[in-house]
Amino acid sequence: MSVTETEVVRMRGGAVGYGDRPVIRDIDFSLHTGEVVVLLGPNGSGKTTLVRGILGLAPLISGELALFGVPAASFHERYRLGYVPQRHTVVGGVPSTVREVVSSGRLSRKRPFAWMKAPDREVVSQAIETVGLAERADTSVAQLSGGQQRRVLIARALAAEPDVLVMDEPTAGVDAANQEILAATLRQLVANGSTLLLVAHELGPLEPLIGRVVVMRDGHAVYDGPPVPGGEGVYHAPAHHHLDDQRPDPHDLGLSGQLP
Amino acid sequence: MTLDLLHYGFMQRALLASLLVGMTAPSVGVYIVQRRLALIGDGMGHVALAGVALGVLTTGQPVLTALVTAVVGAVVIELVRARGRTSGDVALAVMFYGGIAAGVVIISRAPGGTPANLNSYLFGAITTTSRTDLVVFAVLAVLVLTATIGLAPRLFAVSNDEEYARAAGLPVLGINLLLAVITATTVVISMRVVGLLLISALMVVPVATAQLLVNSFRSTLVTAIGIGVAVSLGGTTTSYYANTPSGGTIVLLAIAIFTLAAVGTSVRSVLHRNRHDEAEDHLHRHGEHCGHLAVPHDDHVDYVHDGHRHAPHGEHYDEHYDEPEATMSSRGTEGHP
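All values reported here derive from a predicted model rather than from experimental measurement.

Q: Could you give an account of the interface of chain B and chain A, with specific residues and numbers?
A: Contacts between chain B and chain A engage 34 residues on the former and 41 residues on the latter. Each partner contributes to the roughly 3,100 Å² buried at the junction of chain B and chain A, and carbon and sulfur atoms together form 55% of this total. Across the chain B-chain A interface, the total number found is two salt bridges. Ionic pairing is found between E163(B) and R52(A), a salt bridge with its closest N-O pair at 2.3 Å. Of all elements in the fold, only α1 (9–34), α6 (131–150), α7 (152–160), α8 (162–167), α10 (199–213) and α11 (217–242) of chain B reach the threshold of two or more residues within the side of chain B that touches chain A. At five residues, the largest contribution of residues to the side of chain B that touches chain A is made by α7(B). Looking at side-chain class alone, the side of chain B that touches chain A contains 15 nonpolar, nine polar and ten charged residues.

Q: Kindly report on the sheet that holds strand β4 (residues 60–67) of chain A, identifying the contributing residues and their values.
A: Residue and element names in this part refer to chain A. An order of β2-β1-β4-β5 is seen for the four strands of this open sheet, with the pairing classed as antiparallel. Each edge of the open sheet is held by one strand with a lone partner, namely β2 (21–32) and β5 (70–71). Of the pairings in the sheet, the one linking strand β1 (residues 7–18) to β4 comprises six bridges and is antiparallel in character. Along β4, the bridge assignment pairs V16 with L60. Sheet strands touched by helix α1 (residues 47–55): β1, β2 and β4. Its angle to β1, the strand with the most contacts, is close to 115°.

Q: Mind laying out the packing of helix α2 (residues 40–58) of chain B against helix α9 (residues 172–189) of chain B, listing which residues take part and the relevant values?
A: Residues and elements named next belong to chain B. The interhelical angle for the contact between α2 and α9, taken along N-to-C directions, is 60°, at an axis separation of 9 Å. The angle between the axes of α2 and α9 places the two elements in the oblique class. The hand of the α2/α9 crossing is right-handed. Contact residues: α2 offers G41, M44, G45 and A48, while α9 offers A180, T183, A184 and V187. Partitioning the contact of α2 with α9 into residue classes produces five nonpolar, three polar and no charged.

Q: Before we move on, could you go through α2(B) and cite the residues and values that matter?
A: Residue and element names in this part refer to chain B. Its 19 residues give α2 an end-to-end C-alpha distance of 28 Å, which sits within 8% of 27 Å, the value for a rise of 1.5 Å per residue. Within α2, 15 of the 19 residues are buried, which leaves the element mostly enclosed by the surrounding structure. Of the residues trailing α2, G60 is marked for its positive phi of about 75°.

Q: Which residues make up the sheet that holds strand β8 (residues 195–200) of chain A, and what values go with them?
A: Residue and element names in this part refer to chain A. Read across the sheet, six strands follow the order β6-β7-β8-β3-β9-β10 without closing on themselves; strand pairing throughout is mixed. Lying at the two open borders of the sheet, with one neighbouring strand each, are β6 (81–84) and β10 (220–225). Each strand of the sheet is rotated relative to its neighbour by a mean of 15°, with strand direction disregarded. Pairing geometry for strand β3 (residues 36–40) and β8, over five bridges, is parallel. Pairing of L39 across the sheet is with V199, part of β8. Where α1 meets the sheet, its contacts fall on β3, β6, β7 (164–168), β8 and β9 (212–217), and the angle it forms with β8 comes to roughly 145°. Against the sheet, helix α4 (residues 146–158) engages β6 and β7, with an angle of about 170° to β6.

About the cut-offs
Residues numbered from 1 in each chain as written. Chains lettered and ligands numbered in written order. Predicted model: local features only at pLDDT ≥ 70, side-chain atom pairs only at ≥ 80, totals over all residues. Heavy atoms only, no water. Contact = heavy atoms within 4.5 Å. Buried area = accessible area lost by both parts, 1.4 Å probe. Salt bridge = Lys/Arg side-chain N within 4 Å of Asp/Glu carboxyl O. Helix = DSSP H or I, 4+ residues; strand = E, 2+ residues; numbered from the N terminus. Nonpolar A, V, L, I, M, F, W, Y, C, P; charged D, E, K, R; others polar. Pairing = 2+ DSSP bridges. Axes fitted to C-alpha atoms, helices over the stretch in contact; angles between N-to-C directions. Parallel < 35°, antiparallel > 145°, perpendicular 65-115°, else oblique. Left-handed = near helix turned anticlockwise from the far one by under 90°. Expected span 1.5 Å × (residues − 1). Buried < 20%, exposed > 50% of the residue type's maximum accessible area, 1.4 Å probe, protein only.

In short, shape yes, function no, at least from these values alone.
If you want it as structure tokens, here you go:
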């Protein structure tokens, strides 16, 4: 593994959007191995678009993007980025079991026409175990609650044994019991040294896990640093300097206020 | 009933063709239903009719022209769909009706092009499968089944969650084109016994029936193929004795079995209505000292948990309901993990 490989994501001056219209602009964003980073911000701030740009689901309109040190255009090891989309359901038109859906996450590691072998099945079972659904493995996903289906999506991402997990709003719209299970699952992943990139409205029960926060507003990153102890209101306050000022001039980032 | 129908060469060929359709149509249909595109096969049948007519007009061998037309049509349909424009819907409609209109007009100019001739392509006939047709159908069926079974995991993944498949680096457009092409191929395999207007039913109805009976994708696939084979052999046989168009007979039989399954499953769920609702993820084990109000309930104890009554049942807790309002409202234990 080369040195640059520890930089999982490196975006410089990135603009990402749909068609030719950028939703986010001038984004400098890095994610390193072992980091647990949350993208925070209100609806429409561009946090999901940033994630979609990193995953290749939305086009990079300008700027540079490298994944594991390789320019995104020539990066072919997509299975190294495990994606948990912001979906509340995994139910399709035909019934499928938890194990079947999770197994589909293993595919990016398999060649066409290759059957699942014992080690693959073991990884799938392990992923289901990790999200606490072992008892429900052969249940149809349609019979699961919304929160349980979110956990199925996480297990599906884990089944590819990714180097990084990218989760869009993992706890949104999930009841308290399931939030607790999700938080426990993430704690376990963090304890195992996983690299996580999460999108969230608020830190909530995940706060103790988070190493770094990037706050998005109107398509720009307005804060990039450690989480602020004592609540997250500070990120949303109208005017604040960087608490961990890694950038030369906060005014360039649309920040103009003074310290409280 | 004697098997006198097997003495006739045309019946042997019709039954073999039915077997091929019965296997392939549901194996493609399961992915189509998964993607909620149940009517796409119908459109491809419309497009294929233009190819059939061209074949009848030029060579008298409509199977290969139908195959080429349907496959080209399928690729165009999928590319239009992939662009995801709202105008795509209209573009598809134009293609579908263009196909059927061209088919009707062209076939009327062909030597011996009668309405009866057209009917057999639209709704199936048992006397029309030639030896050459059967060989072509067999080759096509092997190709279709190789894809639908050999590539089942990939087709499932893309049909289940296209965006995830794309993020995982799977060749989504390629897999979608493959599914479109094998759907078109299945339409062609069906053109003799089931007919171009009815094939979509044989893709969808056996799958719809199977999913009433089982709850995994794999068993839906297997059960749907079983139902498909049974109704196409049964329907073709019936059409021989009843002197009816084979396609219509097969589809009516499929719908009869679907109705039977639907009624059967709803009757079963009414009969088994002893409520058994499992409590949501339960991290907490109720016990004597857990702080939740314990309520004796017949032969066991329920625990009042966040306004619900939980009764231990094996590894999980069930929701129990038949409790006076007074206890239900004691919400003093909220916020337990």
